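Structural characterization, general
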Amino acid sequence: MNLKLFRVVALVCLFSCSIPAVARSPLVLLTDFGTQDGAVAAMKGVAYSISQDLLIADLSHENPSIFTGAYRLYQAEQFWPANTVFVTVVDPGVGTARLSVVLKTRTGHYFVGPDNGLLSLVAERDGIEGLRQIDERVNRRPGSDDSHTFHGRDVFAYTGARLAAGVITFEQVGPSLPPESLITISYRKPERVGDTVKGIIPVLDIQFGNVWTNIPKSLFDELHIALGEPVRVRVFHGDRLVDDTLVPYQRTFGEVAVGKPLAYVNSLLNLAVAYNQGSYAAAHKIDSGPDWFVELSPGPKK
């Protein structure tokens with residue numbers, strides 16, 4: 001190779017190497033499959049068969065109910081960039097008449113999954129830009145027509161990967177559905193009643209046993225409870241009183257002694273209750289879901 005040709009090749013290489021890679025939309029998986037078998041890996045394999053350039057991430061695979069999955073999605077999706085595609089599978093009605101859909105929110109996120117309430121919390125917060133039924137004649141893994149119990153692999157991962165990789169557009173998912181047709185989950189919205197704010201325990205901060213509520217700090221602030229002052233925490237499972245405890249309102253765990261309880265504002269800016277280095281949920285036998293209710297009110301001042 002002569003010097004002139006070498007210089008040309010070097011310049012071409014330098015120019016081409018400076019061009020950023022074509023961006024791909026992230027593909028995020030949420031299921032109730034756990035990770036003890038090959039189900040999640042199979043979904044990822046189907047996605048990579050569409051494009052090996054995809055960025056695939058796990059949100060959660062330990063979701064024992066539709067509501068838990070809906071809240072975990074609600075908890076995390078807001079921190080992902082626009083055009084992220086979420087494949088969501090908590091689907092006890094797989095293979096039945098429930099619809100397979102793709103939801104586009106006004107925040108520019110896409111959600112692929114069953115229409116069984118799993119997508120309702122993000123739709124409520126972010127708004128619905130569009131809703132489409134998946135046309136399984138074209139958006140289904142080839143050769144899977146006789147498989148009726150693994151739509152997570154055969155329909156949702158396949159369609160989500162095609163959408164994230166740009167193989168199909170949102171309009172090519174399938175026929176449009178009216179936004180109001182999306183199945184929703186009924187739950188108690190946070191409210192103030194006199195000197196009490198009420199809500200539910202949507203999920204636990206499961207690793208640490210902290211009890212999260214859906215009561216926003218802005219609503220709690222209406223009670224004018226200052227830092228360090230007591231909060232009365234009452235927890236009900238249905239109509240049964242499970243817990244009635246006084247705890248101080250603090251910024252963070254280390255502001256109380258080890259093993260002592262507190263109320264604090266969690267990472268979603270909602271109220272929560274915890275022990276410093278202990279499990280409040282285990283100690284008070286508290287679980288989560290739309291039938292677990294919580295009431296917070298001012299405690300007696302010294």
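As a starting point, this report considers the structure included with it. Please read all numbers here as calculations on a predicted model, not as lab measurements.

1. Examining the overall build of the protein chain
In terms of helices and strands, the protein chain carries seven helices and 15 strands. Dimensions of the protein chain, computed from C-alpha atoms along their principal axes, come out at roughly 90 × 55 × 35 Å. For the protein chain, the share of sequence-separated contacts (at least 6 apart) that also reach a separation of at least 24 residues comes to 66%. Within the structure as shown, the protein chain displays about 15100 Å² of accessible surface, and the carbon and sulfur contribution to it stands at 54%.

2. Section: the side chain of Thr213
Locating Thr213 in the fold gives a position in strand β10 (residues 210-216). Residue Thr213 is classed as buried on the basis of its relative accessible area of 1%. Of the polar contacts made by the side chain of Thr213, one reaches the backbone nitrogen of Ile215; its length is 3.0 Å. Here Leu271 takes part through its backbone oxygen, which lies 2.8 Å from a polar atom of the side chain of Thr213.

3. Focus on the packing of aromatic side chains
Counted under the stated rule, the structure contains eight aromatic pairs. Arranged with centres 5.2 Å apart and planes meeting at 35°, the rings of Tyr71 and Tyr74 form a pair that is tilted. Of this pair, Tyr71 and Tyr74 are both found in helix α3 (residues 66-76), three residues apart, which corresponds to roughly one turn of the helix. Residue classification places Tyr71 among the buried positions, given a relative accessible area of 4%. Judged by its relative accessible area of 23%, Tyr74 is partly exposed. Geometry around Phe293 places Arg188 over its ring, the cationic atom sitting 4.1 Å from the centre.

4. Focus on the pattern of salt bridges
Scanning all chains against the criterion turns up 16 salt bridges. For Asp154, the salt bridge is made with Arg141, and the minimal N-O distance between the two is 2.8 Å. Linking Asp154 in helix α5 (residues 151-164) with Arg141 in the loop between β6 (128-133) and α5, this pair joins segments that are 13 residues apart in sequence. Its relative accessible area of 0% is what places Asp154 among the buried residues. Judged by relative accessible area, Arg141 falls into the partly exposed class, the value being 25%.

Criteria and cut-off values
- Residues numbered from 1 in each chain as written.
- Predicted model: local features only at pLDDT ≥ 70, side-chain atom pairs only at ≥ 80, totals over all residues.
- Heavy atoms only, no water.
- Helix = DSSP H or I, 4+ residues; strand = E, 2+ residues; numbered from the N terminus.
- Contact = heavy atoms within 4.5 Å.
- Areas by Shrake-Rupley, 256 points an atom, 1.4 Å probe, with all protein chains shown as cover.
- Buried < 20%, exposed > 50% of the residue type's maximum accessible area, 1.4 Å probe, protein only.
- Polar contact = N/O pair within 3.5 Å; in protein donor to acceptor, adjacent residues only side chain to side chain.
- Phe/Tyr/Trp six-rings, centres within 6.5 Å; stacked < 30°, edge-to-face > 60°.
- Lys NZ or Arg CZ within 6 Å of the ring centre and 35° of its normal.
- Salt bridge = Lys/Arg side-chain N within 4 Å of Asp/Glu carboxyl O.

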